Amino acid sequence: MAPAPTFAASTVAPGLLGSRRHHVAAATVRRRWAAIGSGGHRVSSRRPLPRMAAEAAPTSAASTPAPFDVYTPTPAPTPSPPSALSPTAAARRATRAAALRTARSLDAAASADTPAFSAAVAAAGLPPLTRAGASTLQVNIGLTCNLACRHCHVESSPSRSQSMLSTVAARVVALATAPGSPVRTVDITGGAPELHAAFRPMVTALTAAGVHVMDRCNLTVMEVEGQADLADFLAANRVDVVASLPCYTADNVEAQRGDGVFDASIRGLQRLNARGYGRPGGCRLDLVYNPGGAVLPPPQSALEEDYRRELRRAFGIEFNSLVAITNMPIKRFADDLRREGRLSDYLSLLAGAFNADTVNRVMCRDMVHVAWDGRIYDCDFNYALEMGLGLPGVGREADEATTLAGGTTGLTVFDVDCVSELVGKRIRTGLHCFGCTAGSGSSCGGELV
């Protein structure tokens, strides 16, 4: 029997904390997060999750795990003692977090004419959103990233250390590969997912079990120390790549993502092309576009033609499809709009462009999202807004019934025996959901109609 791959403790690969290839300097990011108290979350539930190490030290990059027959994860690290944070300090942190959530409330920013999303759905003669299936399990493996992009709705950066523990990663694999599981695809995101210790063991375990795996890659991560073999690893495991490239010109990319990012992204695409990605018989290589400001994406098909023509002409790059995604009014992008006094107008734009034909095609209807700490959400946007399953509605959606019991922290991967248990359940919605249903619609797979 071949040895099982091991899931290391909650750590990230080296070589990025000193990187200058990100939009916000690391020192600025650290000050920002210190100011708003963005520490690692601790959660509990009916079957408690292990706590995350407070500030995990970097470790060497994970080597490609060997094939395995029996999945045996390593034990979880010893939890931090409850006394690590005094009651006074904990109260201060909770107060800061509550103040931040209030300041960032979309309900407070929206005009009085902007309806609740659930009201817009009802006015269109549609029933409340429920989950129709669970063929995709999306996993945010951690928030560490070598970039700090302006539009990032989970606020990843080099200074964030949140990373999935081995026990949580093992549970995710178990749920995806269990007999009778409806999961066909595991969509791994972050942060830069490849920088997290659980990434390669998780990919190897899933692909060995016949599960289709997607990696949401920022491309520049291939130039981080310890990631020189990343393209080879992905190709060897037949992992499809969904790559961020918000434009085919350097100026537009670097305005969102930082100096030097465009050239590094092009080199990453060329590495993938050299391994068959985006070519006949090779793995899929899809590119992701998002607008540079508070506007809806242009028609996806026409934009894809522009991308294909310009990238092929200038760099000889081939890809399969373009995915156009609307900027969500969450966290960094919303903060920028709020500072500019344009958040209310953007929310009105999204709500005014509501397209009822997109509602039954939104990604949350056939997907379950798992955060790095094991908590379960309807989608990664709900994760960013802490709208966990089993928690009461808030704001304009406060009348929504909760259909799952999960205590005060919401459901975790240890609270379900199969993701099919979540099928048929009510999906939590909010004003941000207009971002997925405006115009031609928007999802992790691009346009909806």
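The model shown is predicted, which means the values in this text are computed figures rather than measured ones.

(A) Spotlight on the nonpolar core. In terms of nonpolar packing, the biggest core is built from 71 residues, with L137, M202, L287 and Y307 touching the most fellow members. With 40 residues, the next largest nonpolar core counts C152, M328, W372 and L431 among its residues.

(B) Region of interest: the side chain of R365. Mapped onto the fold, R365 is located in the loop between α12 (343-352) and β7 (367-370). Put simply, R365 is tucked away with no salt bridge, and the nearest opposite charge, on D366, sits 8.6 Å away. Among the polar contacts made by the side chain of R365, one reaches the main-chain carbonyl oxygen of N360 at a distance of 3.4 Å. Beyond its immediate chain neighbours, meaning those up to four positions away, R365 contacts L129, T130, R131, A132, G133, V359, N360 and I427.

(C) Layout of the sheet that holds strand β4 (residues 240-244). In space, the eight strands of this open sheet follow the order β6-β5-β4-β3-β2-β1-β7-β8, with mixed pairing throughout. The open sheet has two edge strands, β6 (321-324) and β8 (376-377), and neither has a second partner. In this structure, β4 lies alongside strand β5 (residues 285-289), joined through four bridges in parallel fashion. Bridge pairing in β5 links V241 to L285.

(D) Broad picture of the packing of aromatic side chains. Counted under the stated rule, the structure contains nine aromatic pairs. An angle of 90° between the planes, with centres 5.3 Å apart, marks the rings of Y248 and Y307 as edge-to-face. Of this pair, Y248 sits in the loop between β4 and α8 (250-257) while Y307 sits in helix α10 (residues 300-315), and the two are 59 residues apart along the sequence. Judged by relative accessible area, Y307 falls into the buried class, the value being 0%. A cation over an aromatic ring shows up here: R200 above the ring of F233, its NZ or CZ 4.8 Å from the ring centre. Directly above the aromatic system of F319 lies the positively charged group of R308, at a separation of 4.4 Å from the ring centroid.

Definitions and cut-offs
Residues numbered from 1 in each chain as written. Predicted model: local features only at pLDDT ≥ 70, side-chain atom pairs only at ≥ 80, totals over all residues. Heavy atoms only, no water. Core = buried A, V, L, I, M, F, W, Y, C linked by side-chain atoms within 4.5 Å. Buried < 20%, exposed > 50% of the residue type's maximum accessible area, 1.4 Å probe, protein only. Helix = DSSP H or I, 4+ residues; strand = E, 2+ residues; numbered from the N terminus. Lys, Arg positive; Asp, Glu negative; His and termini not counted. Salt bridge = Lys/Arg side-chain N within 4 Å of Asp/Glu carboxyl O. Polar contact = N/O pair within 3.5 Å; in protein donor to acceptor, adjacent residues only side chain to side chain. Contact = heavy atoms within 4.5 Å. Pairing = 2+ DSSP bridges. Phe/Tyr/Trp six-rings, centres within 6.5 Å; stacked < 30°, edge-to-face > 60°. Lys NZ or Arg CZ within 6 Å of the ring centre and 35° of its normal.

None of this, on its own, says anything about what the molecule does.
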